Amino acid sequence: IQTVWKAIEQNKPDAIISLGQAGGRSCISIERIAINIDDARIPDNKGNQPIDETIIENGPVAYWSTLPNKRIVHNMRKAGVPSAVSNTAGTFVCNHLFYGVMDYLAKNAPHIRGGFIHIPFLPEQTIHNTAPSLSLDLIVRGLEIAAITAANEKEDIVEIGGAIH
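(A) Local environment of the pattern of salt bridges. Summed over the entire model, instances satisfying the criterion amount to four salt bridges. In this structure, the salt-bridge partner of Arg 25 is Glu 31, at a minimum N-O distance of 2.7 Å. Glu 31 gets classed as buried once you look at its relative accessible area, which sits at 0%. Among the salt bridges present, the one from Arg 71 reaches Glu 153, with a minimum N-O distance of 3.8 Å. Residue Arg 71 is found in helix H2 (residues 69–78), and its partner Glu 153 is found in the segment after helix H4 (136–152); the two are separated by 82 residues along the sequence. Here Glu 153 falls in the partly exposed class, since its relative accessible area comes to 31%.

This is the structure in structure tokens:
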């Protein structure tokens, strides 16, 4: 997380969109909430496997994304990119990063909007299983739309949406 905090300080962005891959999802998932818990079912790349550990001691239970999530999904779908608002970033590395970024922004740069997007597997990652996937072209197009929307739209829209993956 500290690497991202330093990058925020150096670059002073208007918005931050963190990314991760969530195998098993069939669309791009715009995450709504980050929770203050690590509960890993498998070890991460460094072999760490925190179970029921708080990410930021005495931090709030959760942070909401400050991106215009539903507007991002609306714009992606309008462009033919499968997407949805997700109500869980899980309790593994992606949620850890999402929570850490949002905690930093809340304390140090509340004017910067932030959020997290999960992308599905690429087709070539699913050759030996039946997991859903999305083409790289659609993923890139969706992320471009997310970045443009986050940069240009401060207000979200109200429409039906949201899923638990």
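(B) Just unusual backbone geometry, in detail. If you check the backbone angles, Asp 52 has positive phi at about 55° while not being a glycine. Along the chain, the position of Asp 52 falls in the loop between strand E3 (33–35) and strand E4 (62–64). For Asn 58, which is not a glycine, the phi torsion comes out positive at approximately 65°. Take Asn 58: it is sitting in the loop between E3 and E4.

(C) Broad picture of the packing of aromatic side chains. With the rule as written, the count across this model stands at three aromatic pairs. Where Trp 5 meets Tyr 104, the ring centres are 5.8 Å apart and the plane angle is 20°; that geometry is what we call stacked. Of this pair, Trp 5 sits in helix H1 (residues 2–11) while Tyr 104 is found in helix H3 (residues 93–108), placing the two residues 99 residues apart along the sequence.

(D) Region of the structure containing the pairing of strand E6 (residues 113–119). When you tally the buried positions in E6, you get seven out of seven residues, the bulk of the element. A two-sided burial pattern is seen for E6, the buried positions comprising Arg 113, Gly 115, Ile 117 and Ile 119 on one face and Gly 114, Phe 116 and His 118 on the other. In this structure, strand E1 (residues 15–21) lies alongside E6, joined through seven bridges in parallel fashion. Considered in E6, the bridge of Leu 19 is made with Ile 117. Bridging between strand E2 (residues 28–31) and E6 involves three bridges; their strand directions are antiparallel. By the bridge assignment for E6, Ser 29 is matched with His 118.

(E) Region of the structure containing the packing of H1 against H3. For the pair H1 and H3, the least separation of the axes is 10 Å and the interaxial angle reads 40°. Between H1 and H3, the crossing angle belongs to the class labelled oblique. As H1 packs across H3, the resulting crossing turns out to be right-handed. Residue-level contacts link Val 4, Trp 5, Ile 8 and Glu 9 of H1 to Leu 97, Gly 100, Val 101, Tyr 104 and Leu 105 of H3.

Rules of the game
Along each chain, the written sequence defines residue order, and numbers are assigned to residues from 1. The predicted nature of this model means local features are confined to residues of pLDDT at least 70 and side-chain atom pairs, given and counted, to a pLDDT of 80 or more, with totals for whole chains, interfaces and linings taken over all residues. Just so you know, side-chain values use all the structure's heavy atoms and leave hydrogens and water out. For this analysis, a salt bridge means a side-chain nitrogen from Lys or Arg found within 4 Å of a carboxyl oxygen belonging to Asp or Glu. A 1.4 Å probe rolled over the protein chains alone gives each residue an accessible area, and that area as a share of the maximum for its type sets the label: buried under 20%, exposed over 50%, partly exposed in between. Numbering of helices and strands runs from the N terminus, with a helix taken as a DSSP run of H or I at least four residues long and a strand as a DSSP run of E at least two residues long. Here a pair means two rings of Phe, Tyr or Trp (six-membered ring of Trp) with centres within 6.5 Å. Their orientation is stacked below 30 degrees between planes, edge-to-face above 60, and tilted elsewhere. Strands are labelled as partners when DSSP assigns at least two bridges between them. Helix axes are fitted only over the stretch in contact, all axes being lines through C-alpha atoms; the angle between N-to-C directions runs from 0 to 180 degrees. Orientation is classified from the angle alone, with under 35 degrees giving roughly parallel, over 145 giving roughly antiparallel, 65 to 115 giving roughly perpendicular, and any other angle giving oblique. Each crossing gets its hand from how the near helix is turned against the far one by less than a right angle, where anticlockwise is left-handed and clockwise is right-handed. By the convention used here, residues are in contact when the closest approach between their heavy atoms is within 4.5 Å.

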